[in-house]
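Summary of the model geometry
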Amino acid sequence: MQISTKFTIAIHILTAVQYFEKTNKVTSDFLASSVGSNPVIIRNIMSQLRKVGIIEIRRGTGGITLTRPLSEITFLDVYKAVETGSGEDLFRFHENTNPACPVGRNIHKGLTSSLKEIQSGFEEQLAKHNVEEVYDNVAEEVKKQEA
C-alpha cells in the first residue's frame, strides 16, 4: 500500500496557508511555487479540501483561508478528503479464486477480520495527529535556520 503524494501536498498546502496568511496573498500559484508542483494539481487538491469544508477559496483577490484551526484538522480528515477510494476498504481482494480449492474458497473469509483491524488501526493513528503538529515543526525549523 502506498498513499499518493496528494496527502502530503494537502498537508503542505494547509501548513503554508497558516504560515503565510498574514504576509502573503495565498493563491494556487503561490502554493504551487512552495510545493514545487503544477498549479493545476494544487487547484485540484484545494478543490477536494474545499469540498469537505477544510478551506474556503475566494476567487480574484481573496485567496485561500482555513475554516478552522489546524489543531482541529486531523490527518484522517485530510486523508479522507484527498485520497481517492479512502471511503473504501484499504485492502482489495483478488477476484476469481478457485472455488474448488479449499484455500481459494475461503481466503476472503480468512483475511477479512485481520484486514479490517489493520485498516481501523491505520485510521485511528491518522486521527491522533493534526496539521498543527506539522505547522509547529515547520515553524521550529524556520526559527532554527534564521538563528
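Below or above, wherever it landed, is the structure these notes cover. Numbering of residues starts from 1 in every chain and runs along the sequence as written. Where local features are concerned, this predicted model is filtered to residues with pLDDT of at least 70; where side-chain atom pairs are given and counted, the filter is 80 or more; whole-chain, interface and lining totals use all residues. The basis for every side-chain value is the complete set of non-hydrogen atoms in the structure, without hydrogens or water.

The subject of this paragraph is the overall build of the protein. Per the convention used, a helix needs a DSSP run of H or I reaching at least four residues, while a strand needs a run of E reaching at least two, with both numbered from the N terminus. Along the backbone of the protein there are 6 helices and 2 strands. Each of the 147 residues in the protein was classed as buried or not, and the buried ones make up 29%. Whether two residues are in contact is decided by their heavy atoms, any of which lying within 4.5 Å being enough. In the protein, once contacts between residues fewer than 6 apart in sequence are set aside, the share between residues at least 24 apart is 61%. Here the accessible surface of atoms and residues is derived via Shrake-Rupley with a 1.4 Å probe, and residues count as covered only by protein chains that are part of the display. With an accessible surface of roughly 9,400 Å², the protein has 51% of that area assigned to carbon and sulfur atoms. Side-chain charges of the protein comprise 17 positive and 18 negative groups, with the mean position of each set lying 7 Å from the other. Accessibility here uses a 1.4 Å probe with only protein chains present; expressed as a share of the type maximum, an area under 20% marks a residue as buried, one over 50% as exposed, and anything in between as partly exposed. We score Asp and Glu as negative and Lys and Arg as positive, and we do not count His or the chain ends. Charge coordinates come from a single atom per side chain, which is NZ of Lys, CZ of Arg, CG of Asp or CD of Glu.

Attention now goes to the environment of Thr97. Assignment of secondary structure puts Thr97 in the loop between helix 4 (75-82) and helix 5 (102-128). Taking the C-alpha atoms as reference points, Thr97 and His108, separated by 11 residues in sequence, lie 9.3 Å from one another. In this view, Thr97 contacts Gly104, Ile107 and His108; residues no more than four positions away in its chain are not counted. Within the structure, Thr97 has its side chain in polar contact with the backbone oxygen of Gly104 (distance 2.8 Å). For the purposes of these results, a polar contact is taken to be a pair of N or O atoms within 3.5 Å, where, inside protein, one atom must be able to donate a hydrogen and its partner to accept one; residues adjacent in sequence count only when each atom of the pair is a side-chain atom.

With respect to the helices and strands, the residue Glu83 is situated in the loop between helix 4 and helix 5. Salt bridges are counted wherever a side-chain nitrogen of Lys or Arg sits within 4 Å of a carboxyl oxygen of Asp or Glu. Buried and unpaired, Glu83 has Lys6 as its nearest opposite-charge partner, separated by 6.0 Å. Ignoring sequence-local partners within four residues, the contact set of Glu83 consists of Ile3, Ser4, Lys6 and Phe7.

The next thing to look at is the packing of helix 4 against helix 5. Helix axes are fitted to C-alpha atoms over the stretch in contact, other axes to C-alpha atoms as well, and angles between N-to-C directions run from 0 to 180 degrees. Contact geometry for helix 4 and helix 5: axes closest at 6 Å, N-to-C directions at 120°. Residues Phe75, Leu76 and Tyr79 of helix 4 form the contact with helix 5, whose own contacting residues are Phe122, Glu123, Leu126 and Ala127. In this classification, the charged set is Asp, Glu, Lys and Arg, the nonpolar set is Ala, Val, Leu, Ile, Met, Phe, Trp, Tyr, Cys and Pro, and all remaining amino acids, among them Gly, are polar. By residue class, the composition of the contact of helix 4 with helix 5 is 6 nonpolar, no polar and 1 charged.

Across its 27 residues, helix 5 extends 40 Å between first and last C-alpha, which sits within 8% of the 39 Å expected from 1.5 Å per residue. What the bend at a residue measures is the angle between two axes, fitted to the seven residues ending there and to the seven starting there. Roughly 35° is the biggest bend found in helix 5, and it falls at Thr112. Those residues of helix 5 that sit buried are Gly104, Leu115, Gln119 and Leu126. Turning to helix 5, the residues buried within the fold contact helix 1 (5-20) and helix 4. Expected span of a helix: the number of residues minus one, times 1.5 Å.

Bringing the pattern of salt bridges into the picture now. For the coordinates displayed, the defined rule picks out 5 salt bridges. A salt bridge links Arg43 to Asp29; the nearest nitrogen and oxygen atoms lie 3.9 Å apart. With Arg43 in helix 3 (residues 39-51) and Asp29 in helix 2 (residues 28-35), this pair connects stretches of sequence that are 14 residues apart. Of the residues examined, Arg43 reaches a relative accessible area of 39% and is grouped as partly exposed. Its salt-bridge partner being Lys144, residue Glu141 comes within 3.4 Å of it at the nearest N-O pair. Separated by 3 residues within a single helix, Glu141 and Lys144 lie in helix 6 (residues 131-146), roughly one turn from each other.

Attention now goes to the environment of Asn44. Within the secondary structure, Asn44 is located in helix 3. The spacing of Asn44 and Ser28 is 16 residues in sequence and 9.7 Å in space, taken between C-alpha atoms.

Right, let's talk about the side chain of Asn130 for a bit. By the secondary structure assignment, Asn130 is in the loop between helix 5 and helix 6. For Asn130, a relative accessible area of 15% corresponds to the buried category. At 2.9 Å, the side chain of Asn130 forms a polar contact with the backbone nitrogen of Glu132. Polar contacts involving the side chain of Asn130 include one to the main-chain amide nitrogen of Glu133, which spans 3.1 Å. Among residues more than four places away in sequence, those in contact with Asn130 are Leu70, Ser71, Ile73, Thr74 and Phe75.

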